[in-house]
Amino acid sequence: MLNIKNLHVAVGGEEIIKGLDLEVGSGELHAVMGPNGSGKSTLGYALAGRDGYEVTDGSVEFDGANLLDLEVEERATAGLFLALQYPVEIPGVNNAYFLRAALNAQRKAKGEEEVDSMGFLKTVREHLKALNMDEALLKRAVNEGFSGGEKKRNEIVQMAVLQPKLAILDETDSGLDIDALKLVAEGVNRLRDENRSFIVITHYQRLLEYLVPDRVHVLSDGRIAESGDRSLAHRLEREGYAFLDTAEA
Amino acid sequence: MSALIEKLLPEADVSDDGSFGALRRKAQKVLMQHGFPQRKTENWKYLPLGLLEKRTFSTAGPLTGPVPAPPEFPFETGIVHMHNGLLDPQRCRLPRGVAITGMLPSDIDASKLDDTSPADAFAWLNLARFDQGWKLRVEGRVEQPLAIVTSCDEDFEAAIHPRLKVELAEGAALTLLEVQHSEAAGLINGVLDLELAPKSSLVHLIDRSFGETALIQRTTARVSDAAEYRAFVLDGGGRLTRQDLMAELDAAGASASISGVAALGGRALVDYHTAIEHLLGRTSSRENFRILADDQAVGVFNGRIHIVPGADDSHSEMNTGNLLLSEDARINTKPELEIHAEDVTASHGATIGQLDDDARFYLRSRGLTDGQAIALLKYGFAAAVFDGMDAGALKEWMLERLEACL
Ligand SMILES: Nc1ncnc2c1ncn2[C@@H]1O[C@H](COP(=O)(O)OP(=O)(O)OP(=O)(O)O)[C@@H](O)[C@H]1O
Ligand SMILES: [Mg+2]
């Protein structure tokens, strides 16, 4: 599904990702952990194609295509989804309208028919309900005045509507209460199947109790410093990242 | 600016058509004395009137050829169609409760026009040169909106001076829709007077966009006791557009709001000067104006709120927002709050900005093209101005028009 080789990413002229390799197979869920500032969000932005995140070396193959050749929206249409660590507020743009416009833009790019608005609203309402979100949020402007947790859940609603092949969730669990965390995890688990992959960036092993990861990686100073199975997450929870220093020394 | 005088007032003789003779002579005299505004004239510094000097204006003739049909509306509406500055009687369709008559000298109040400087020159010019003046009298609550459609022939190069007065009787209600689109290199120098009797209510929508046509429009709403004036403007740009929009709150309980969007591109130059005069206490007003300027467009908004001494317990709120979409575009926004009364609340908020890159990336990361993302952000920025419109077909139409402008 995703094959990253020797990826280097510079932001504002400064190298942040410094030779990263990562392979995520179809149907797999990988967790990425690592200290603040280690480059986790940078990795997500670089994969999504954000301006200012300059790939200076390496390659990324996504679902058979060269991801780095694609524009931001082409990556989305190809099936890449990034749930932002800090979802953006968009005043004046209706949430439901935005969701439908996004879905239709992707469908149109793929030569599919646009969705009809009644059927669309019905599905969206179901997703909202599953995440215990107020329907009124659909009528509000995108993320404007949403609580922190509502913003995070709104990302999951978008993911559920857009049905990506690979979803990167950047700290979607941070700031969620315990019940919301479970609902979000369930939302992810409902989407899991053999054709869909996830990269879950998180600081907490708690989320990984609900979302059983196939692999856990530790990102440190722009590289994968350690990979393992889910027991690695437990070890980090107990010991913190101190062992990275000793390993490098 | 004597060049303009020669262009717009070719001969010193004022056709003495009897009834308006005295007014016209006075207007002519003021113009000859003070001329047209110059860059240094207060409130006119952004308007390059030199553009008009370069043009030759023919004299408007009577309507001879076939008059094109006014645009279709997705709702039932009355229509008054002004083509080349003249009323097309064939297409006049008035809703129940509205009557049209010719204007009389007693319908014109020139006492408030400045005759000591060039500031009101175009209003004087209108008075000196208007061909037809019409008056609409509105009684009762009129259900259907009334569209005043302005259009010109493709090769229309005259200067025209349309003059209209709309009088709402006590308790009357109307939605007036000014729809103005024209491309040719003429000049429309219009005056619109709105009189709102006690307890009347006027919703005034303006949908305009011009090509080379220059528009200089002066609109004054006199709002009395417990009457309400609400204006919603959508300006899609024009080579030279100047709108003065004044609301005079004459009596307790009067209220006015002006909401507008100017979505400008190309070489558009659009200058809105609004003024709300709180002449008595317990009056309220609200202004919300947004300008989006792309390419080499220039947008000007000058919003004046004046609360005179003694107009206590009045409230006003002004909000402006600007979006600069290119490096060559310019926006000048100036709020002028002048408050001389007590127990008054007056607030002002202004923002000027560019498109938010975070938001643009966010939208694209969900599959929207960059063009779609930009259009949606512009729409989101502008559409909020029309939040105050009652939900319904008119609001939807206005939002569709907005989308088309962006
Ligand atoms: N625009 C920028 N200019 C310069 N440095 C930047 C820029 N954006 C990010 N960085 C730096 O890149 C490094 C990695 O940031 P990133 O946001 O990827 O970290 P992270 O691993 O997601 O951290 P956190 O756990 O706090 O979310 C940080 O040191 C950050 O300061
Ligand atoms: Mg981060």
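This write-up is about the structure you can find in this document. Treat the numbers as computed from the prediction; the structure is a model and nothing was measured.

For the rest of this paragraph, the subject is the coordination of the magnesium ion (ligand 2). All names here are of chain A. Only S41 (OG) and Q85 (OE1) from the protein coordinate the magnesium ion (ligand 2), and they sit 2.0 to 2.1 Å from it. In this pair, S41 sits in helix α1 (residues 40-48) while Q85 sits in the loop between β6 (80-83) and β7 (90-94), placing the two residues 44 residues apart along the sequence. A relative accessible area of 15% places Q85 in the buried class.

Attention now goes to unusual backbone geometry. A positive phi angle, near 50°, is found at Q163 of chain A, a position not held by glycine. Within the secondary structure, Q163 of chain A sits in the loop between α5 (148-162) and β9 (166-170). In this structure, D343 of chain B is a non-glycine residue whose phi angle is positive, near 55°. Tracing the backbone through its elements, the reader meets D343 of chain B in the loop between β19 (330-339) and β20 (345-353).

Moving on to the sheet that holds strand β5 (residues 65-66) of chain A. Residue and element names in this part refer to chain A. Ordered by their spatial adjacency, four strands build an open sheet running β2-β1-β4-β5, and the pairing between neighbours is antiparallel. Among the strands making up the open sheet, the edge pair consists of β2 (14-24) and β5. As judged from the two bridges shared by strand β4 (residues 53-62) and β5, these two strands associate in the antiparallel manner. Bridging from a neighbouring strand, E61 pairs with N66 of β5. Of the strands in this sheet, β1 (2-11), β2 and β4 are in contact with α1, which crosses β1 at around 105°.

Attention shifts here to empty space enclosed by the protein. Applying the stated criterion across every chain yields a total of three cavities of 30 Å³ or more. Approximately 170 Å³ is the volume attributed to the largest cavity. Mapped onto the lining of the largest cavity, the elements with two or more residues apiece are β1 (78-83), β5 (146-151), β7 (163-168), β8 (173-182) and β9 (187-196) of chain B. Looking at the lining of the largest cavity residue by residue, the class counts come to eight nonpolar, four polar and two charged. As a volume, the second largest cavity reaches approximately 50 Å³. Around the second largest cavity sit L169, E171, T172, D173, V184, V188, V200, I201, L207 and L211 of chain A, which together line it. Counting only elements with at least two residues in the lining of the second largest cavity, the list comes to α6 (178-191) and β10 (197-201) of chain A. In the lining of the second largest cavity, the residues fall into seven nonpolar, one polar and two charged.

Note that an α-helix has 3.6 residues per turn; residues three or four places apart therefore point the same way. Residue and element names in this part refer to chain A. For α5, which comprises 15 residues, the first-to-last C-alpha distance of 22 Å matches the rise-based estimate of 21 Å (1.5 Å per residue) to within 8%. Counting buried positions along α5 gives 13 out of 15 residues, so the element sits mostly inside the fold. At the exit of α5 stands Q163, carrying a positive phi of roughly 50°.

Here we take up the state of the cysteines. Residue and element names in this part refer to chain B. All chains considered together, the criterion is met by zero disulfides over all chains. The thiol of C92 is not disulfide-bonded; the next cysteine sulfur, from C152, is found 18 Å away. You can call C92 partly exposed: its relative accessible area is 26%.

The subject of this paragraph is the interface of chain B and chain A. Between chain B and chain A, the contact holds 20 residues from the first and 30 residues from the second. Summed over both partners, the interface of chain B with chain A comes to about 1,900 Å²; 65% of that surface belongs to carbon and sulfur atoms. The three residues of chain B that bury the most area against chain A are F361, Y362 and R366 of chain B, which together make up 42% of that side's buried surface. Across the contact surface, chain B and chain A share four salt bridges. Scanning the region where chain B abuts chain A turns up 10 residue pairs in polar contact (both at pLDDT 80 or more). Only α5 (357-364) and α6 (370-383) of chain B provide two or more residues apiece to the side of chain B that touches chain A. Considering each element in turn, the side of chain B that touches chain A owes the most residues, seven residues, to α5 of chain B. When grouped by side-chain class, the residues that make up the side of chain B that touches chain A number eight nonpolar, five polar and seven charged.

Turning our eyes to something else, we now look at the environment of D170 of chain A. Residue and element names in this part refer to chain A. Its location among the elements puts D170 in strand β9. Residue class for D170 comes out buried when judged on its relative accessible area of 4%. For the pair D170 and L82, spaced 88 residues apart in sequence, the C-alpha to C-alpha distance is 7.3 Å. Reaching out from D170, the side chain makes a polar contact with the side chain of S41 at a distance of 2.6 Å.

Turning next to the sheet that holds strand β3 (residues 29-33) of chain A. Hydrogen bonds along the backbone pair up the strands of a sheet, which may run parallel or antiparallel. All names here are of chain A. Strand order in the open sheet formed by six strands is β6-β9-β10-β3-β11-β12, with mixed pairing between adjacent strands. Looking at the sheet topology across the chains shown, the edges are occupied by β6 and β12 (223-228). In this sheet, neighbouring strand axes are inclined to one another by 20° on average, regardless of whether the strands run parallel or antiparallel. Across four bridges, β6 lies against β9 in parallel orientation. Across the sheet, F81 pairs through a bridge with A167, a residue of β9.

Looking now at the site of ligand 1. Residue and element names in this part refer to chain A. Every one of the 13 residues lining ligand 1 counts as a neighbour, but G37, K40, S41, T42 and H203 are closest to it. One nitrogen or oxygen atom from the main chain of S38 is found 3.2 Å from an oxygen atom belonging to ligand 1. The separation between an oxygen atom of ligand 1 and a polar side-chain atom of E171 is 3.3 Å. Protein chains shield 61% of the accessible area of ligand 1, which is 640 Å² for the free molecule. At three residues, the largest contribution of residues to the shell around ligand 1 is made by α1. Taken together, the residues of the shell around ligand 1 break down into three nonpolar, eight polar and two charged.

A word on the environment of L323 of chain B. By secondary structure assignment, the location of L323 of chain B is in strand β18 (residues 315-324). Separated by 218 residues in sequence, L323 of chain B and P105 of chain B place their C-alpha atoms 44 Å apart.

For a regular strand, side chains alternate in direction, first toward one face of the sheet and then toward the other. Residues and elements named next belong to chain B. Strand β4 (residues 133-138) sits mainly inside the fold: five of its six residues count as buried. Here strand β3 (residues 98-102) pairs with β4 via five bridges, running antiparallel. Across the sheet, residue V98 finds its bridge partner in β4, namely V138.

What follows concerns the packing of helix α2 (residues 21-34) of chain B against helix α4 (residues 121-129) of chain B. All names here are of chain B. Contact geometry of α2 with α4 gives a least axis separation of 8 Å together with a crossing angle of 140°. On the basis of their axis angle, the class for α2 and α4 is oblique. Pair α2 / α4 crosses with left-handed handedness. When α2 is examined against α4, the residues L23, R24, K26, A27, Q28, V30 and L31 are found in contact with a partner set consisting of A121, W124, L125, L127, A128 and R129. Split into classes, the residues belonging to the contact of α2 with α4 amount to nine nonpolar, one polar and three charged.

Residue and element names in this part refer to chain B. A surface patch of like charges, here negative, comprises E154, D155, E157 and E183. Note on placement: E154 falls in the loop between β5 and β6 (159-160). Here E154 falls in the exposed class, since its relative accessible area comes to 79%.

So, how was this worked out
- Residues numbered from 1 in each chain as written.
- Chains lettered and ligands numbered in written order.
- Predicted model: local features only at pLDDT ≥ 70, side-chain atom pairs only at ≥ 80, totals over all residues.
- Heavy atoms only, no water.
- Donors = N, O, S within 2.8 Å, 3.2 Å for Na, K, Ca; no water.
- Helix = DSSP H or I, 4+ residues; strand = E, 2+ residues; numbered from the N terminus.
- Buried < 20%, exposed > 50% of the residue type's maximum accessible area, 1.4 Å probe, protein only.
- Pairing = 2+ DSSP bridges.
- Contact = heavy atoms within 4.5 Å.
- Axes fitted to C-alpha atoms, helices over the stretch in contact; angles between N-to-C directions.
- 1 Å grid on protein atoms, 1.4 Å probe; cavity = no way out; pocket = protein on both sides within 12 Å on 5 of 7 lines; lining within 4 Å.
- Points joined across faces, edges and corners; volume = space filled by probe spheres on them.
- Nonpolar A, V, L, I, M, F, W, Y, C, P; charged D, E, K, R; others polar.
- Expected span 1.5 Å × (residues − 1).
- Disulfide = S-S within 2.5 Å.
- Buried area = accessible area lost by both parts, 1.4 Å probe.
- Salt bridge = Lys/Arg side-chain N within 4 Å of Asp/Glu carboxyl O.
- Polar contact = N/O pair within 3.5 Å; in protein donor to acceptor, adjacent residues only side chain to side chain.
- Near = heavy atom within 4 Å.
- Areas by Shrake-Rupley, 256 points an atom, 1.4 Å probe, with all protein chains shown as cover.
- Parallel < 35°, antiparallel > 145°, perpendicular 65-115°, else oblique.
- Left-handed = near helix turned anticlockwise from the far one by under 90°.
- Patch = residues over 30% accessible without salt bridge, like charges linked within 9 Å, V, L, I, M, F, W, Y side chains within 5 Å.
- Lys, Arg positive; Asp, Glu negative; His and termini not counted.
- Charge placed at Lys NZ, Arg CZ, Asp CG, Glu CD.

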